[in-house]
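Listed here are the chains, written in short residue letters.
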Amino acid sequence: MINIKTPEQIKKMQIAGRITGEALALAGEMVRPGVTTKQLDDKIRHHIEKCGARPSFLGYGGFPASACISVNDEVIHGIPSGRVLEEGDIVKIDVGAYIGGFHGDSANTFTVGRVSEEAQRLIDVTRESFYRGIAEAGKDGARIGDIGHAVQTYVEENGFSVVKKYVGHGVGHDLHEDPNVPNFGTAGRGPRLCRGMTIAVEPMVNIGAPEVLEKKDKWTVVTRDGSLSAHYEHTIALTENGVLILTKV
Ligand code: MG
Ligand code: MG
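Residues numbered from 1 in each chain as written. Chains lettered and ligands numbered in written order. Predicted model: local features only at pLDDT ≥ 70, side-chain atom pairs only at ≥ 80, totals over all residues. Heavy atoms only, no water.

A. Looking closely at helix 2 (residues 37–50). Taking 1.5 Å as the rise per residue, helix 2 with 14 residues should run 20 Å; its terminal C-alpha atoms sit 20 Å apart, in good agreement. Three or more residues of helix 2 are buried, namely Thr 37, Leu 40, Asp 41, Ile 44, His 47 and Ile 48. The buried residues of helix 2 occupy one face: seen down the axis, they fall within an arc of 130 degrees. Residues of helix 2 that are exposed and point more than 90 degrees away from the buried face comprise His 46 and Lys 50. At its buried positions, helix 2 is contacted by helix 1 (7–30), strand 1 (54–55), strand 2 (67–71) and strand 4 (90–99). (Helix = DSSP H or I, 4+ residues; strand = E, 2+ residues; numbered from the N terminus. Expected span 1.5 Å × (residues − 1). Buried < 20%, exposed > 50% of the residue type's maximum accessible area, 1.4 Å probe, protein only. Arc of directions from axis to C-beta. Contact = heavy atoms within 4.5 Å.)

And the structure:
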């Protein structure tokens, strides 16, 4: 069942979204060679708690940290650790904050020092595919399939592939609500979008093949072919004024 939010509830989600976005931006500013993924996680937890919120991911399904931090061929759900970031790495940071009964959810891919041209292009295409997707979401009569179709088309035109095993989702009282928001699909299919829906749109894009595997730690998802992967996510709300990005700061 899709939970439709009132304008008042969307205002509350803006608060959760802002804290989420701030924590992500602060961690992003720390990214450089020599920093550990645990240090980034500590910063995120500190900011979220300072704001009176709690990290949505901490303890979620037993997840042991506040943020998911995934490096290079790791796609999502990487566990922060003593791993030291190195020049040329790309690092995906995925953050959630819960306050006032609502969650925010946002992710971005950051570069560690200088990265290859191809890695930079992967990051740029992933971010742009998100904006192509939400442009469709803002159109009258749009359906969930329109978002995925726009994301997939743009990504594949650029020679990359979208991950299909993991998808975006509704977000609100719960971190993961209906509907699923795939990064692939057929235009004109799926649930119709309507005012009051709040969803996380989150393209996960690989340089190589779309297949992924879960590592032995039961969390970290990696590309099967070892190719680089990028991730970009915001929580958005569909309002009478169009698409509102709740996690942008
Ligand atoms: Mg996320
Ligand atoms: Mg998400």
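B. Spotlight on the coordination of the magnesium ion (ligand 2). Only Asp 105 (OD), His 169 (NE2), Glu 202 (OE) and Glu 233 (OE) from the protein coordinate the magnesium ion (ligand 2), and they sit 2.1 to 2.2 Å from it. Taken in sequence order, the residues that donate to the magnesium ion (ligand 2) follow the motif D-x63-H-x32-E-x30-E. Here the magnesium ion (ligand 2) and the magnesium ion (ligand 1) are spaced 3.2 Å apart, and both take Asp 105 as a donor. In this pair, His 169 sits in strand 7 (residues 168–170) while Glu 202 sits in the loop between strand 9 (198–201) and strand 10 (204–206), placing the two residues 33 residues apart along the sequence. The class of Glu 202 is buried, set by a relative accessible area of 6%. (Donors = N, O, S within 2.8 Å, 3.2 Å for Na, K, Ca; no water.)

C. Quick peek at the side chain of Ser 70. Considering the arrangement of structural elements, one finds Ser 70 in strand 2. In this structure Ser 70 comes out as buried when scored by relative accessible area, which is 2%. Within polar-contact distance, the side chain of Ser 70 engages the backbone nitrogen of Gly 78 at 3.0 Å. Non-local contacts of Ser 70, meaning those with residues more than four positions away in its chain, are made with Val 75, Ile 76, His 77, Gly 78, Ile 90, Val 91 and Lys 92. (Polar contact = N/O pair within 3.5 Å; in protein donor to acceptor, adjacent residues only side chain to side chain.)

D. Representation of empty space enclosed by the protein within the structure. Enumeration according to the criterion identifies one cavity of 30 Å³ or more in this entry. Approximately 30 Å³ is the volume attributed to the largest cavity. Lining the largest cavity are Asn 108, Thr 109, Ile 123, Thr 126, Arg 127, Ala 230, His 231 and Tyr 232. Residue assignment for the lining of the largest cavity shows that the elements contributing at least two residues are strand 5 (102–111), helix 3 (117–137) and strand 13 (229–231). The dominant element in the lining of the largest cavity, judged by the number of residues it contributes, is helix 3, at three residues. In terms of residue class, the lining of the largest cavity is made up of three nonpolar, four polar and one charged. (1 Å grid on protein atoms, 1.4 Å probe; cavity = no way out; pocket = protein on both sides within 12 Å on 5 of 7 lines; lining within 4 Å. Points joined across faces, edges and corners; volume = space filled by probe spheres on them. Nonpolar A, V, L, I, M, F, W, Y, C, P; charged D, E, K, R; others polar.)

E. A look at the pairing of strand 5. Burial within strand 5 is extensive, with eight of its ten residues counted as buried. Inspection of the sheet shows strand 4 paired to strand 5 by ten bridges, in the antiparallel sense. When the sheet's bridge partners are listed, Gly 96 is paired in strand 5 with Asp 105. The turn linking strand 4 back onto strand 5 is made up of two residues, and Gly 100 within it adopts a positive phi angle of 65 degrees. (Pairing = 2+ DSSP bridges.)

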